[in-house]
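Structural overview for review
Listed below are the residues making up each chain.
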Amino acid sequence: MTDTALIVVAAGSGARLGAAREGKPVPKAFAEFAGVTLLEHALRGIDWVAERVVVVVPPGFEAEAATIAARAGVRADVVPGGATRADSVLAGLAAAGDAQHVLVHDAARALTPATPFDRVRAALEAGAVAVVPVLPVVDTVRSVDTVRSVDPARSAAAAGEEGEAAEHVLGERLGAVVDRATLRAMQTPQGFDAAVLRRAYEAAGAARAASTDDAQLVQALGEPVLAVPGDELAFKITTRADAERAEALLAKEAGMQELRTGIGVDVHAFGGVGPRRLAGLEWDEEAWPGPGLAGHSDGDAVCHAIVDALLSAAGLGDIGGLVGVDEPQHAGASGEVFVRAALEAIGAEGWAPVNVAVQVLGVHPRIGPRRAEAQRALSAMLGAPVSVAGTTTDGLGAVGRGEGVQAIATALIRRG
């Protein structure tokens, strides 16, 4: 069973944005921002989020969307959407197959960073059936009453025809201030137990056409909807003002960011007395016969290589200089402790990770069966995509003889 599917909804017309290409209207997701389509911005760096990605686009744009997804480095199923957002989500659900969890994300929130995805996934894996990232409402909010007035000129005619005075709207009268502490602005990705979301759409029937929020339909079933913190960058690009804000952010990113790469290598022999831990995961004896990795800490060579790669990129030395090799407080510590320390160290210098790639060399454990799980765990640690691959050395050297594990990591970081 596929664990999680990500549905990226990109089928809207974007009439309020007024996007055009060569003088002709173009759906919002295919409008360009800083030289790249909105859809490509939305898809970049999300390959770690789910085992299956479904992109829903206006009919006739499937081939272009497939090309964009490939350019963004994402393997995606592209399907045509419907007349309403609800129809498009249903099309995405049909393509999601037997996924246990499903995340529904608006392509219009193209600048959404990794953190909201991670928070939503973590809540689903902890047992929630519906999760929504939200932001506090910061503006003063007030209720309004519609002010109407009788039009004498129209009133006589209306009275003869219908017996009622004709009215027209003058405007709105401010009412009471609404306590904004109790209000939240909804964002995406919204995460769901897939069976619950399908049941919500079925129960809503024709009324789903008016819905602009999937969590609303789930809540109508009486199911609880959990809120997790959203992100300011996950704003929805709807109007020209939104587009100008996005263009400014993307131009700054493209023109002012400093990028650096680093490499890290770590090797640990088998023979440890602690848990069998590698790539942020614990392994059972069937997958990993024999003892764990030897070391003062847990010996997680993958995490340690990532630490060295991050520090190398930032010019901050290595893991030994960061935390020491035999400090008592780190006896048996998990690899995540050192990853967090490295992130804090590079963050103090203004750096943040963009992505990390790790190659694991060893006879066991075999990375392949748990590769996706390892990528999620490591991506959650970093708040950025991490890709993991495994290989052997064809019996050459100590690693090839099954005496230990080696990991090689490369990191891309940015500042500015």
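An unreviewed UniProt entry annotates the protein as Multifunctional fusion protein originating from Agrococcus carbonis. Here the protein is described in UniProt, under the heading Subunit (unreviewed entry), as follows: "Homotrimer."

Looking at the pairing of strand 13 (residues 190-193)
Pairing analysis gives four bridges linking strand 8 (residues 101-106) to strand 13, with the strands arranged antiparallel. Counterpart to Val102 in the pairing with strand 13 is Phe192. By the bridge criterion, two bridges tie strand 9 (residues 130-136) to strand 13 in an arrangement that is antiparallel. By the bridge assignment for strand 13, Ala130 is matched with Phe192.

Things to note about the nonpolar core
Core analysis: the biggest nonpolar cluster contains 43 residues, and Leu278, Val302, Ile306, Leu310, Val358, Leu378 and Leu382 have the highest contact counts within it. Breaking this core down by element, the ones donating at least two residues are helix 9 (301-314), helix 10 (319-323), helix 11 (335-348), strand 19 (351-361), helix 12 (371-382), strand 20 (386-391) and strand 21 (404-415). Per element, the largest residue contribution to this core is 11 residues, and it comes from helix 9. Every residue in contact with Leu278, bar those within four places of it in the chain, is listed here: Trp283, Trp288, Leu293, Asp300, Ala301, Val302, Val360, Pro365, Ile367 and Val405.

Overview of helix 11
What sets the pattern is the α-helix's 3.6 residues per turn: residues three or four places apart point alike. With 14 residues, helix 11 should cover 20 Å at 1.5 Å per step; its first-to-last C-alpha distance of 20 Å lies within 8% of that length. Every buried residue of helix 11 is accounted for by Gly335, Phe338, Val339, Ala342, Leu343 and Ile346. End-on view of helix 11: buried residues confined to an arc of 140°, all on one side of the axis. Turned more than 90 degrees off the buried face of helix 11, the exposed positions are Glu344 and Ala348. Buried residues along helix 11 sit against helix 9, helix 10, strand 19, helix 12 and strand 21. Trailing helix 11 by a residue or two, Gly350 shows a phi angle of about 90°, which is positive.

Regarding the packing of aromatic side chains
Scanning the entire structure with this criterion turns up two aromatic pairs. Taking 4.7 Å as the distance between ring centres and 35° as the angle between the ring planes, the aromatic pair formed by Phe30 and Phe61 counts as tilted. Here Phe30, found in the loop between strand 3 (24-25) and strand 4 (32-33), pairs with Phe61, found in the loop between strand 6 (52-57) and helix 2 (62-71); they are 31 residues apart in sequence, far enough to count as distant. Taken together, a centroid distance of 5.8 Å and an interplanar angle of 70° make the contact between Phe270 and Trp288 edge-to-face. Remark: Trp288 occurs in the loop between strand 17 (281-282) and strand 18 (292-293) and Phe270 occurs in strand 15 (residues 258-272); sequence separation between them is 18 residues. Across this residue pair, the class does not change: Phe270 and Trp288 are buried. Residue placement shows Arg245 over the ring face of Phe235; its charged tip is 3.8 Å from the ring centre. Against the face of Trp283 rests Arg370, its NZ or CZ located 4.7 Å from the ring centre.

The rules behind these values
- Residues numbered from 1 in each chain as written.
- Predicted model: local features only at pLDDT ≥ 70, side-chain atom pairs only at ≥ 80, totals over all residues.
- Heavy atoms only, no water.
- UniProt positions renumbered as here; feature names shortened; annotations may be inferred.
- Pairing = 2+ DSSP bridges.
- Helix = DSSP H or I, 4+ residues; strand = E, 2+ residues; numbered from the N terminus.
- Core = buried A, V, L, I, M, F, W, Y, C linked by side-chain atoms within 4.5 Å.
- Buried < 20%, exposed > 50% of the residue type's maximum accessible area, 1.4 Å probe, protein only.
- Contact = heavy atoms within 4.5 Å.
- Expected span 1.5 Å × (residues − 1).
- Arc of directions from axis to C-beta.
- Phe/Tyr/Trp six-rings, centres within 6.5 Å; stacked < 30°, edge-to-face > 60°.
- Lys NZ or Arg CZ within 6 Å of the ring centre and 35° of its normal.

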